Amino acid sequence: MDVAAIRAEMEALGPWHHDVELVPGLRTGEAPLGKRPLLQSRTPTTYDPEGHMRLIVAALWPDGMQGRSFLDCACNGGGHMLGAARLGAGRRFGFDAREQWTAQARFLQRFAPAPAGEVRTCTLADLPALGLEPFDVTLFSGIFYHLPDPVAGLRVAADLTRELLVLNTAALFGRGRAMVLKKESATQPMSGVDGLAWLPTGSGVLRQILAWCGFPHVRICFNKRTAEGWRRIELLAARESKTFAFYDSRGPSTPPGARLGLTRVLLRRMGLKGY
């Protein structure tokens, strides 16, 4: 492979939020800011999505994803899709509302094992009309708290999921089980596209929403304070309890975060300081 040509194309697509290795010694996180005005308005921090996928999959399926299909909602640069492919996932579909991210995701699919994953520029509301077959595993990361109707949005993804739904969202400190209205930019590259969104007050409200979506069996990966003073929560949710057979076999006395290896040290290594 022409590494110089790969580097040039990678840099033209930068900057990258997803920091992944394309070929030995070449990572997307090395790409400079680039020249696209929209992205210059806010340079994203870098994050290791492939490492994140490895931790989740190792906690659930010691033999990898074993051909499971994978849906990535708000896929950003496509790093989770690439990680899933390298872990043995079969059919893969990712989408994002912004073309600058899906252009990166399509580029990354060239470095994935066959078959290549499909990437589209669209929104959650577009999915039902696409006629997609359900997926075994769905990642709903970094999107819940950018939606004007996150419950309905999560339900769209849940209805396309057979086995496991991974929900990762920002949250507020708060008592009770509530959703708090927030406004955000509709043009910043790391925000939603609607300008209106909601933040949950904690895992309790998320558990109830997941149960209503048909995923009553939940395990907490992490629930930690962010640099902005919010919280970042990640939940694994399953339709059936047997999905967590291996996960639970590793000992009920072990904290879920430790079972996944999502300790503070590993979070920092993965670039999740602000999560």
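Scroll up a little and you will see the structure.
Residues numbered from 1 in each chain as written. Predicted model: local features only at pLDDT ≥ 70, side-chain atom pairs only at ≥ 80, totals over all residues. Heavy atoms only, no water.

(A) A look at the overall build of the protein chain. A tally of helices and strands in the protein chain yields 10 helices and 11 strands. Across the protein chain, the fraction of contacts at a sequence separation of at least 24, relative to all contacts at a separation of at least 6, is 66%. Of the roughly 11,900 Å² that the protein chain leaves accessible, carbon and sulfur atoms contribute 54%. (Helix = DSSP H or I, 4+ residues; strand = E, 2+ residues; numbered from the N terminus. Contact = heavy atoms within 4.5 Å. Areas by Shrake-Rupley, 256 points an atom, 1.4 Å probe, with all protein chains shown as cover.)

(B) Structural view of the sheet that holds strand β10 (residues 217–225). Pairing is mixed in the open sheet, where 7 strands are placed in the order β5-β4-β3-β6-β7-β11-β10. The strands lining the two open edges of the sheet, one partner per strand, are β5 (118–121) and β10. Looking at each pair of strands side by side, their axes are set apart by 10° on average, direction ignored. Pairing of strand β4 (residues 92–96) with β5 involves 4 bridges; the strand directions are parallel. Among the inter-strand pairings, glycine 94 is bridged to a residue of β5, identified as valine 119. Helix-sheet contacts for helix α4 (residues 79–86) involve β3 (70–73), β4, β5 and β6 (135–141), and the interaxial angle to β3 is about 165°. In this fold helix α5 (residues 99–109) packs onto β4 and β5, with an angle of close to 170° to the strand it touches most, β5. (Pairing = 2+ DSSP bridges. Axes fitted to C-alpha atoms, helices over the stretch in contact; angles between N-to-C directions.)

(C) Representation of the pattern of salt bridges within the structure. Evaluated as defined, the whole model comprises 13 salt bridges. Across the pair arginine 162 and aspartate 136 runs a salt bridge whose closest N-O atoms are separated by 3.1 Å. In this pair, arginine 162 is assigned in strand β7 (residues 161–171) and aspartate 136 in strand β6, connecting sequence segments 26 residues apart. By relative accessible area, which is 43% here, arginine 162 ends up partly exposed. The class for aspartate 136 is buried, based on a relative accessible area of 17%. What you see here is one network of salt bridges that share partners, running through Glu50, Arg54 and Arg86. (Salt bridge = Lys/Arg side-chain N within 4 Å of Asp/Glu carboxyl O. Buried < 20%, exposed > 50% of the residue type's maximum accessible area, 1.4 Å probe, protein only.)

(D) Representation of the packing of helix α3 (residues 49–60) against α4 in the model. Across the interface, α3 lies against α4 with an axial gap of 8 Å and an inter-helix angle of 45°. Classified by the angle between their axes, α3 and α4 sit oblique to one another. Handedness of the α3/α4 crossing: right-handed. Contacts between α3 and α4 involve Pro49, Glu50, His52 and Met53 from the first element and Gly79, His80, Gly83, Ala84 and Arg86 from the second. Of the residues in the contact of α3 with α4, the class split is 3 nonpolar, 4 polar and 2 charged. (Parallel < 35°, antiparallel > 145°, perpendicular 65-115°, else oblique. Left-handed = near helix turned anticlockwise from the far one by under 90°. Nonpolar A, V, L, I, M, F, W, Y, C, P; charged D, E, K, R; others polar.)

(E) Structural view of helix α7 (residues 203–212). By the burial criterion, the buried members of α7 are Ser203, Gly204, Val205, Leu206, Ile209 and Leu210. On its buried face, α7 sits against α6 (150–159), β7, β8 (179–183), β9 (196–200), β10 and β11 (231–238). Taken from the residues just after α7, glycine 214 is the one with a positive phi, measuring 100°.

(F) Just the packing of α6 against α7, in detail. Packing of α6 against α7 leaves a shortest axis separation of 10 Å and a crossing angle of 45°. Taken together, the axis directions place α6 and α7 in an arrangement best described as oblique. In this structure, α6 crosses over α7, and the sense of that crossing is right-handed. On α7, the residues touching Val151, Leu154 and Arg155 of α6 are Ile209, Leu210 and Trp212.

(G) Spotlight on the packing of aromatic side chains. The tally for this structure, following the rule as stated, stands at 4 aromatic pairs. Seen from their ring centres, tryptophan 16 and phenylalanine 107 are 6.0 Å apart, and the 55° between their planes marks the pair as tilted. One end of the pair, tryptophan 16, is in the loop between α1 (3–12) and β1 (21–23); the other, phenylalanine 107, is in helix α5, with 91 residues separating them in the sequence. Measuring from centroid to centroid gives 5.9 Å for phenylalanine 244 and tyrosine 247, while their planes differ by 65°, and the two rings are edge-to-face. You'll find phenylalanine 244 and tyrosine 247 in the same group, each marked buried. Taken together, the ring pairs in this structure connect Trp16, Phe107 and Phe111 into an aromatic cluster. Taking NZ or CZ as reference, arginine 91 lies 4.1 Å from the ring centre of phenylalanine 135, over its face. (Phe/Tyr/Trp six-rings, centres within 6.5 Å; stacked < 30°, edge-to-face > 60°. Lys NZ or Arg CZ within 6 Å of the ring centre and 35° of its normal.)

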